[in-house]
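Each chain, written out:
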Amino acid sequence: MIFATVFGYFGYHLVNGDRGLLAMVHLQRENQIADQNLAEAEATRKIWELRVSELRNQSLDPDMLDERARVLLNYADKDDIIVFTPTR
């Protein structure tokens, strides 16, 4: 009887304890989500690094400069197609 009680106690905590199997599965899921968020953040960072590098004096891209000037000054050419999007 004592052996069954001790075995049951340790078995319960093996599965449901703070460092049990269910906690391990939960941490693995959180780790996967964190890895996905990291990959998305790195991809976004690479995109922004490319855009910033195109605006530097050493490698100034005329198209990027024109795009930024039009956005900041609300300027459009007569041949441009303007699509209005709802703001939140």
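All values reported here derive from a predicted model rather than from experimental measurement. (Residues numbered from 1 in each chain as written. Predicted model: local features only at pLDDT ≥ 70, side-chain atom pairs only at ≥ 80, totals over all residues. Heavy atoms only, no water.)

**Notes on the overall build of the protein**
Along the backbone of the protein there are 3 helices and 0 strands. Listed by position from the N terminus, the elements making up the protein come as α-α-α. Taken against the 2.2 N^0.38 rule, which gives 12 Å for 88 residues, the C-alpha radius of gyration of the protein at 28 Å runs more than 25% over that of a compact globule. Taking the principal axes of its C-alpha atoms as reference, the protein extends roughly 90 × 35 × 15 Å. For the protein, with 88 residues in total, the buried portion stands at 3%. By element, 61% of the accessible surface of the protein is carried by carbon and sulfur atoms, the whole surface being about 8700 Å². Positive and negative side-chain charges of the protein, numbering 10 and 14 respectively, have mean locations separated by a distance of 4 Å. (Helix = DSSP H or I, 4+ residues; strand = E, 2+ residues; numbered from the N terminus. Rg over C-alpha atoms; globule rule 2.2 N^0.38 Å. Buried < 20%, exposed > 50% of the residue type's maximum accessible area, 1.4 Å probe, protein only. Areas by Shrake-Rupley, 256 points an atom, 1.4 Å probe, with all protein chains shown as cover. Lys, Arg positive; Asp, Glu negative; His and termini not counted. Charge placed at Lys NZ, Arg CZ, Asp CG, Glu CD.)

**Considering the pattern of salt bridges**
Evaluated as defined, the whole model comprises 4 salt bridges. Here E49 makes a salt bridge to R45, at a shortest N to O gap of 3.0 Å. Here the residue E49 and the residue R45 both occupy positions in helix α2 (residues 21–54), the gap between them amounting to 4 residues, near one helical turn. Residue classification places E49 among the partly exposed positions, given a relative accessible area of 43%. For E67, the salt bridge goes to R51, with nearest N and O atoms at 3.1 Å. Here E67, found in helix α3 (residues 62–73), pairs with R51, found in helix α2; they are 16 residues apart in sequence, far enough to count as distant. (Salt bridge = Lys/Arg side-chain N within 4 Å of Asp/Glu carboxyl O.)

**Here we look at a nonpolar patch on the surface**
Nonpolar side chains collect at one region of the surface, where L14, V15, L21, L22 and M24 lie side by side and expose about 450 Å² of accessible area between them. Looking at the nonpolar patch, the elements that each hand over two or more residues are α1 (2–16) and α2. For the nonpolar patch, the element with the most residues is α2, which contributes 3 residues. Relative to the helices and strands, M24 resides in helix α2. Owing to a relative accessible area of 42%, M24 belongs among the partly exposed residues under this scheme. (Patch = residues over 30% accessible without salt bridge, like charges linked within 9 Å, V, L, I, M, F, W, Y side chains within 5 Å.)

**So, the confidence of the model for the protein**
Averaged over the protein, the pLDDT score is 87; the fraction of residues at 70 or greater is 100%. For the protein, α3 is the element with the lowest average pLDDT, namely 83, and α2 is the one with the highest, namely 93. (pLDDT = per-residue confidence, 0-100.)

**A short note on α3**
An ideal rise of 1.5 Å per residue puts 16 Å on 12 residues; α3 measures up with 16 Å between its terminal C-alpha atoms. Note on α3: the residue one or two positions beyond its end, N74, has a positive phi of about 55°. (Expected span 1.5 Å × (residues − 1).)

**Looking at unusual backbone geometry**
One non-glycine residue, N74, adopts positive backbone phi at about 55°. Topologically, N74 is positioned in the segment after α3. By relative accessible area, which is 72% here, N74 ends up exposed.

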